[in-house]
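# What the coordinates show
Now for the letters of each chain:
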Amino acid sequence: RLLVLCATLQFSLVLLALAWDLWASIAVRCGKAVYRVADMDTGYTPLELFFDCLELSLSVASCITFVVRAYASSAYEDYVLKIVYVVDWTIAVVVLIFYVVHWTKADSKFYYSLSRQPLLNVITITSCALVQVVQEGWVPFTFLRSLTINSALRRIFKLWDLPELYEQLTLAVADFLALVFTFAGLIFMLENLGNP
């Protein structure tokens, strides 16, 4: 049910993006000016560096909350699980803001909504919000946030002038850890299908 809801929401966003792009192309052909945020300077600013570092730390925090929630038992106090819920909601809100900001800056809303990072954002936001509302033992798909770490790392490494070997080694280790964490999360989800 959770995956179907995520897919339905993503499909709705793709349709909205397609309608937006269609409207924008018709408006341009009719000679009307279309306000686009993407017309601003696209250089890598310190603010974007801050957002990438924030996205990197949010992805790591999201993975940590997944582990805490996945192995929640009587060993954890209630306040620890409440903190996990608050952190998950905070991450979901910030990622939603990132999604909206990047969507408004994208040249093609349709291609943006079908790309990997926004697709993972929609899945993690939707599952995080729904799991906290339903609370029937479901574990959200927040482990997929580990796949978004490399996108931010690549943009950060473009700014820093590190030797190529260090960059590639760091990215390879991050890719490996993200894939292992994602595979472990998928296995955990499959093992607990239907368990309340």
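The structure reproduced in this document is the subject of the present report.

So, how was this worked out
- Residues numbered from 1 in each chain as written.
- Predicted model: local features only at pLDDT ≥ 70, side-chain atom pairs only at ≥ 80, totals over all residues.
- Heavy atoms only, no water.
- Helix = DSSP H or I, 4+ residues; strand = E, 2+ residues; numbered from the N terminus.
- Buried < 20%, exposed > 50% of the residue type's maximum accessible area, 1.4 Å probe, protein only.
- Areas by Shrake-Rupley, 256 points an atom, 1.4 Å probe, with all protein chains shown as cover.
- Axes fitted to C-alpha atoms, helices over the stretch in contact; angles between N-to-C directions.
- Parallel < 35°, antiparallel > 145°, perpendicular 65-115°, else oblique.
- Contact = heavy atoms within 4.5 Å.
- Nonpolar A, V, L, I, M, F, W, Y, C, P; charged D, E, K, R; others polar.
- Expected span 1.5 Å × (residues − 1).
- Core = buried A, V, L, I, M, F, W, Y, C linked by side-chain atoms within 4.5 Å.

Moving on to the overall build of the chain. A count of helices and strands for the chain gives 7 helices and 0 strands. For the chain, the α and β elements follow one another from N to C terminus as α-α-α-α-α-α-α. Expressed as a percentage of its 196 residues, the buried residues of the chain come to 37%. Accessible area of the chain: about 12,100 Å², with a carbon and sulfur share of 72%.

A few words on the packing of helix 6 (residues 149–159) against helix 7 (residues 164–191). With their axes 10 Å apart at the nearest point, helix 6 and helix 7 run at an angle of 170 degrees to one another. If you check the angle between helix 6 and helix 7, you find them roughly antiparallel. Residue-level contacts link N150, L153, R154 and F157 of helix 6 to E167, T170, L171, A174 and D175 of helix 7. A class-by-class count of the residues in the contact of helix 6 with helix 7 yields 4 nonpolar, 2 polar and 3 charged.

Attention shifts here to the environment of V131. Turning to its location among the elements, V131 is positioned in helix 5 (residues 116–134). Taking the C-alpha atoms as reference, V131 lies 9.7 Å from Y85; in sequence the two are 46 residues apart.

Moving on, we get to helix 3 (residues 78–105). The end-to-end C-alpha distance of helix 3, which contains 28 residues, comes to 41 Å, matching closely the 40 Å that a straight helix rising 1.5 Å per residue would cover. Here helix 3 has its buried residues at V84, D88, I91, A92, V95, F98, Y99 and W103.

In this section: the nonpolar core. Listed in full, the 9 residues of the largest apolar core are F66, A70, L120, I123, F141, F143, L144, F188 and M189. Those elements that provide at least two residues to this core are helix 2 (46–70), helix 5 and helix 7. Setting aside chain neighbours within four positions, we find L144 in contact with L120, I123, T124 and T182. With 8 residues, the next largest nonpolar core counts L56, L153, F157 and A174 among its residues.

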